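Each chain, written out:
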Amino acid sequence: MSDLDYRAVVLAGGGNRCVWQAGFWEVVAPALPLKPKVVAGVSAGAYIAALLLSGRSQQAMEWACREMGANRRNFYPDRLLRGQRPFPHYEIYGRALSDLLDQSALDVLRQGPELRVLLARPPAWCGPNFALLVGFITYALEKHLKGPLHPQWPSQVGFRPEVVRVQDCQRAEELKELIIATSCTPPILPVMCRGGEPVLDGGLVDNVPLAALNPEDRPALILLSRRYDPAQLRGHEGLTYLQPSRPVASAKWDYTNPDALRRTKELGWEDGRRFLEKGPEALQR
């Protein structure tokens, strides 16, 4: 395995499922060693990438388990009566970004591999609220009917990719806003704006963000966060797709179950060792 030299690593989105990627990286990166020139992420995959490259991954795990252990529900209907957001995710996610990806973490990121984050711009022909409905309906339909590695229907109706470099962030608050923007899935997270225009979860245009890579950024190691038809993972020149060896324990937006988060991380460790022992084929089944 020591002869594998990946120029880029891509981290798919998937909410809590992306913790599998962190476990995999923690085992594989020092063993190969894995030293990419470019890392691309979308949604929670971008958050995980920032944690890994800044050295905050283990601290983040402890933080998340503590916060999720204290959070009783994913939906608080009584907050609606007080004019508040019923979902706790925005508040918890925001605190995580402030606590874990502070200015010192950003300083480390600015010295490391180029970290690219994928955003989705809504179609020019509709406003952000209608775009949200259009985007998630087309994404969900294509996912259900075709199960592609890379969605195409949202782009065909006008959603546009935008790639932002973390190295262009000057302040930790800019990094926080960028990660929330790439994760923007209303109503759980609010619609975000950049440059006066709305942005949505980058996974709408490519949940496995090859759109953030250039042709010269190969060979690339691509870390998924859920299972696909294994036949889709093989035969891509310069691209090594890997998926969890079994469905991960964590649900995408479940902020109440720290035990599932731990088991997802442990599966990443286990699959990292499997990759080192048996090669990519072990995680393409």
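See the structure shown above.
A.B. asks: Please give an account of the overall build of the chain that cites residues and values.
C.D. replies: For the chain, the helix and strand inventory stands at 11 helices and 8 strands. In terms of C-alpha radius of gyration, the chain reaches 18 Å, essentially the compact-globule figure of 19 Å for 285 residues. Projecting the C-alpha coordinates of the chain onto the three principal axes gives extents of approximately 55 × 40 × 40 Å. The buried share among the 285 residues of the chain stands at 56%. Contacts in the chain between residues far apart in sequence, at least 24 positions, make up 76% of those at least 6 positions apart.

A.B. asks: I'd like a description of a nonpolar patch on the surface, backed by residues and values.
C.D. replies: Among the surface-exposed residues, Trp-125, Phe-130, Leu-133, Ile-137, Leu-141 and Leu-145 lie close enough to one another that they form a single nonpolar patch of about 630 Å² accessible area. As for its position among the elements, Leu-141 is in helix α7 (residues 128-145). A relative accessible area of 43% places Leu-141 in the partly exposed class.

A.B. asks: Any details on the side chain of Ser-43? Residues and values, ideally.
C.D. replies: With respect to the secondary-structure elements, Ser-43 resides in the loop between β2 (38-42) and α2 (44-54). Overall, the relative accessible area of 4% leaves Ser-43 in the buried class. Beyond its immediate chain neighbours, meaning those up to four positions away, Ser-43 contacts Gly-13, Tyr-93, Thr-182, Ser-183 and Asp-201.

A.B. asks: Quick one: what's the story with the packing of helix α3 (residues 57-70) against helix α11 (residues 258-278), residue by residue and with numbers?
C.D. replies: Running from N to C, α3 and α11 point in directions that differ by 155°, and their axes come no closer than 8 Å. With respect to each other, α3 and α11 are oriented roughly antiparallel. Listed contacts from α11 to Ser-57, Met-61, Ala-64, Cys-65, Met-68 and Gly-69 of α3 are Pro-258, Leu-261, Arg-262 and Lys-265. Its residues placed into classes, the contact of α3 with α11 shows 6 nonpolar, 2 polar and 2 charged.

A.B. asks: Tell me what's going on with the nonpolar core, and back it up with residues and numbers.
C.D. replies: Counting 77 residues, the largest nonpolar core has Phe-24 and Tyr-47 as its most contacted members. Non-local contacts of Tyr-47, meaning those with residues more than four positions away in its chain, are made with Ala-60, Tyr-93, Ala-96, Leu-97, Leu-100, Leu-101 and Ile-179. Core analysis: the second largest hydrophobic core is formed by 17 residues, Ala-12, Val-38, Leu-210 and Tyr-228 among them.

A.B. asks: I'd like a description of α2, backed by residues and values.
C.D. replies: Because each turn of an α-helix spans 3.6 residues, side chains separated by three or four positions in sequence point in the same direction. Taking burial as the measure, the 11 residues of α2 include 11 buried ones, the bulk of the element. The set of residues buried in α2 consists of Ala-44, Gly-45, Ala-46, Tyr-47, Ile-48, Ala-49, Ala-50, Leu-51, Leu-52, Leu-53 and Ser-54. Residue Gly-55 follows α2 closely and has a positive phi angle near 80°.

A.B. asks: Summarise helix α1 (residues 19-31); cite the residues concerned and give the values.
C.D. replies: Here α1 spans 19 Å end to end across 13 residues, near enough to the 18 Å set by a 1.5 Å rise per residue. At Trp-25, α1 is deflected by roughly 30°, the largest bend along its length. In terms of burial, α1 is a largely internal element, 10 of the 13 residues being buried. Within α1 the residues assigned to the buried category are Val-19, Trp-20, Gln-21, Ala-22, Gly-23, Phe-24, Trp-25, Val-27, Val-28 and Ala-29.

A.B. asks: Explain the pattern of salt bridges to me, and be specific about the residues and the numbers.
C.D. replies: As enumerated under the stated definition, the model contains 15 salt bridges in all. Salt-bridge contacts for Asp-78 lead to Arg-82; the nearest nitrogen and oxygen are separated by 3.1 Å. For Asp-78, a relative accessible area of 34% puts it in the partly exposed group. Taken together, the shared-partner salt bridges connect Glu-114, Arg-116, Arg-165, Asp-168 and Asp-217 into one network.

A.B. asks: Can you explain the side chain of His-89? Please cite residues and give values.
C.D. replies: Tracing the chain through its elements places His-89 in helix α5 (residues 89-100). In contact with His-89, other than residues within four places in its own chain, are Asn-74, Gly-94, Ile-188, Leu-189, Trp-253 and Tyr-255.

Rules of the game
Residues numbered from 1 in each chain as written. Predicted model: local features only at pLDDT ≥ 70, side-chain atom pairs only at ≥ 80, totals over all residues. Heavy atoms only, no water. Helix = DSSP H or I, 4+ residues; strand = E, 2+ residues; numbered from the N terminus. Rg over C-alpha atoms; globule rule 2.2 N^0.38 Å. Buried < 20%, exposed > 50% of the residue type's maximum accessible area, 1.4 Å probe, protein only. Contact = heavy atoms within 4.5 Å. Patch = residues over 30% accessible without salt bridge, like charges linked within 9 Å, V, L, I, M, F, W, Y side chains within 5 Å. Areas by Shrake-Rupley, 256 points an atom, 1.4 Å probe, with all protein chains shown as cover. Salt bridge = Lys/Arg side-chain N within 4 Å of Asp/Glu carboxyl O. Axes fitted to C-alpha atoms, helices over the stretch in contact; angles between N-to-C directions. Parallel < 35°, antiparallel > 145°, perpendicular 65-115°, else oblique. Nonpolar A, V, L, I, M, F, W, Y, C, P; charged D, E, K, R; others polar. Core = buried A, V, L, I, M, F, W, Y, C linked by side-chain atoms within 4.5 Å. Expected span 1.5 Å × (residues − 1). Bend = angle between axes of the 7 residues up to and from the residue.

Any link to function would need more than the numbers given here.
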